[in-house]
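Residue-level listing of the chains:
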Amino acid sequence: MLKDYLPWIIAGLVVLALVVAGVVLTRVAPEATATLRRRPRPPRDHFRDGDDPPAPLKRAGVVINPTKFTDLVAVEQRITAACLANGWGEPLFYETTVEDPGTGQAAQAVRDGVDLVCTLGGDGTVRNVASALIGTETALGILPAGTGNLLARNLDLPVALEMAVTVALTGRNRRIDVGELVIGAAPMDEAPDESGAPHTHQFLVMSGIGMDAQIMAGTNENLKAKVGWPAYMVSGLKHLVSPEFRISVKVDDELEFRRRARMVVIGNCGRLLGGLVLMPNARVDDGQLDTVIASPRGVVGWVPVATRVATRRRKGHPTLDHKVSREVRVRTDRPVPVQIDGDVIGEATEVSATVRPGCLTVRVSQ
């Protein structure tokens, strides 16, 4: 009789097994899967032998003109403290020499792998350091320590050391133009090239010939160290009646013109010392150079020139001519002194200036 019910018993067991399996698949398995999903993931470094090393700190290279300081160690300590306070590593220091006033040191800093090259000196030091960074992606930080600090003033940079360091480390990058001056005749303090090639110099602020260079050359260094930029004014008063010279000027593709002059200034920016502005519309990133030709007659002739500089007017007076261009060439009837960013480089009878737009990166305030 049991044999009669055996197929039904087996069929019932199969159905029961299927029901149990369905419950497992529809309830138990999803709950188990959800439980697995809720387990916290192991940390990213769970299977690593050790922690990753921290990212290396950025480092600045500081090119210093040691003649500007009596306690250089104390100055370096202040710069180091400012770097550490801003989250940078200890800076590398390089001192300029008479033989190499900054270009070689800046190039060495780049080879040493610094993230930023700073200058601690005057406009001459800035110019020499910048010449090694032109056309590169390495930014220039300016720590003003000179008498004029004209580039820093034209860029509205702070003069106080710690504030200047902070701007250099945390400021934004700004691309600026660089002027390039070609000396047609070799300056008296340089031997001419064997090939006879002209001498080329970069300038960031202004270059000048005539009275402008005479003022720079005639400034008393001891007085400058004591009173600062007013020492240039004392020298300027002595050279108000400097000799005139004849010039021929060619601006871009315009016709060449001639006149008498006492001073020719070619500028990349226009702000002078003492709040005076020689070229009101000049900008360091406008892709142009501004040329001012001053030709006053005697001491009295400087009065209208000074008035127009003080009031920032440029037109309407024959003793002060203002040209804007990408290129300018000036020829003189005799050798006259030439200065570049405050450094007198000798005498010449011909200079040509061109602008290299946006070829230098400078760190400025946010």
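Cut-off values and rules
- Residues numbered from 1 in each chain as written.
- Predicted model: local features only at pLDDT ≥ 70, side-chain atom pairs only at ≥ 80, totals over all residues.
- Heavy atoms only, no water.
- Helix = DSSP H or I, 4+ residues; strand = E, 2+ residues; numbered from the N terminus.
- Contact = heavy atoms within 4.5 Å.
- Areas by Shrake-Rupley, 256 points an atom, 1.4 Å probe, with all protein chains shown as cover.
- Buried < 20%, exposed > 50% of the residue type's maximum accessible area, 1.4 Å probe, protein only.
- Salt bridge = Lys/Arg side-chain N within 4 Å of Asp/Glu carboxyl O.
- Polar contact = N/O pair within 3.5 Å; in protein donor to acceptor, adjacent residues only side chain to side chain.
- Pairing = 2+ DSSP bridges.
- Right-handed = clockwise from strand over helix to strand, strands pointing away.
- Core = buried A, V, L, I, M, F, W, Y, C linked by side-chain atoms within 4.5 Å.
- Patch = residues over 30% accessible without salt bridge, like charges linked within 9 Å, V, L, I, M, F, W, Y side chains within 5 Å.
- Lys, Arg positive; Asp, Glu negative; His and termini not counted.
- Charge placed at Lys NZ, Arg CZ, Asp CG, Glu CD.
- Axes fitted to C-alpha atoms, helices over the stretch in contact; angles between N-to-C directions.
- Parallel < 35°, antiparallel > 145°, perpendicular 65-115°, else oblique.
- Left-handed = near helix turned anticlockwise from the far one by under 90°.
- Nonpolar A, V, L, I, M, F, W, Y, C, P; charged D, E, K, R; others polar.

1. What about the overall build of the chain?
Item 1. Helices and strands together make up the secondary structure of the chain, namely 10 helices and 14 strands.
Item 2. Restricting to contacts in the chain with at least 6 residues of sequence separation, those with at least 24 account for 69%.
Item 3. A total of about 19800 Å² of accessible surface is found on the chain, and carbon and sulfur atoms cover 56% of it.

2. Details of helix α4 (residues 123–133)
Item 1. Here α4 lies mainly inside the structure; 9 of its 11 residues are buried.
Item 2. When we look at burial in α4, the residues that qualify are D123, G124, T125, V126, R127, N128, V129, A130 and L133.
Item 3. Just beyond α4, the residue with positive phi is G135, at close to 85°.

3. Concerning the pattern of salt bridges
Item 1. For the structure shown, the criterion picks out 9 salt bridges.
Item 2. In this structure, R356 engages E180 in a salt bridge whose closest nitrogen and oxygen atoms are separated by 3.7 Å. In this pair, R356 sits in strand β14 (residues 343–364) while E180 sits in strand β5 (residues 172–183), placing the two residues 176 residues apart along the sequence.
Item 3. Through salt bridges that share partners, E256, R329 and R331 make up one connected network.

4. A few points about the side chain of Q202
Item 1. If you trace the backbone, Q202 turns up in strand β6 (residues 199–203).
Item 2. Engagement of the side chain of Q202 in a polar contact is seen with the side chain of E180, the distance being 3.3 Å.
Item 3. Filtering out sequence-adjacent residues up to four positions away, Q202 remains in contact with R127, S131, I134, V178, G179, E180 and I340.

5. Let's talk about the pairing of strand β2 (residues 92–95)
Item 1. Pairing of strand β1 (residues 60–64) with β2, which is carried by 4 bridges, proceeds in the parallel orientation. Residue pairing across strands places I64 opposite E95, the latter belonging to β2.
Item 2. For the segment spanning β1, helix α2 (residues 72–85) and β2, crossover handedness is right-handed.

6. Description of the nonpolar core
Item 1. Ranked by internal contacts, the top residues of the largest apolar core, which has 41 residues, are V117, L140, I142, L155, L360 and V362.
Item 2. The residues touching I142, leaving out its near neighbours within four places in the chain, are T119, V126, L151, A152, L155, L157, A164 and V362.

7. Some points on the environment of V284
Item 1. Mapping V284 onto the fold places it in the loop between β10 (263–267) and β11 (289–294).
Item 2. Placed 109 residues apart in sequence, V284 and R175 show a C-alpha to C-alpha distance of 8.7 Å.
Item 3. Other than its neighbours up to four places away in sequence, V284 contacts L155, R174, I176, D177, N268 and C269.

8. A closer look at a negative patch on the surface
Item 1. On the surface, a cluster of negative charge is contributed by D252, D253, E254 and E327.
Item 2. Take E254: it is sitting in the loop between β8 (245–251) and β9 (257–261).
Item 3. For E254, a relative accessible area of 43% puts it in the partly exposed group.

9. Observations regarding the environment of I64
Item 1. Looking at the element boundaries, I64 is found in strand β1.
Item 2. Overall, the relative accessible area of 0% leaves I64 in the buried class.
Item 3. Placed 32 residues apart in sequence, I64 and T96 show a C-alpha to C-alpha distance of 6.1 Å.
Item 4. Filtering out sequence-adjacent residues up to four positions away, I64 remains in contact with F69, L72, E76, F93, Y94, E95, T96 and L120.

10. Comments concerning unusual backbone geometry
Item 1. Even without being a glycine, D156 presents a positive backbone phi close to 55°.
Item 2. Tracing the chain through its elements places D156 in the loop between α5 (150–154) and α6 (161–170).
Item 3. Judged by its relative accessible area of 54%, D156 falls in the exposed class.
Item 4. Even without being a glycine, D252 presents a positive backbone phi close to 50°.

11. Topic: the packing of helix α3 (residues 103–111) against α4
Item 1. Direction vectors running N to C along α3 and α4 enclose 45°, while the axes themselves pass 7 Å from each other. Considered as vectors, α3 and α4 are oriented oblique to each other. α4 is crossed by α3, and the crossing has right-handed handedness. In this structure, α3 contributes T103, A106, A107 and V110 to the contact, and α4 contributes N128, V129, S131, A132 and L133.
Item 2. Looking at the contact of α3 with α4 residue by residue, the class counts come to 6 nonpolar, 3 polar and no charged.

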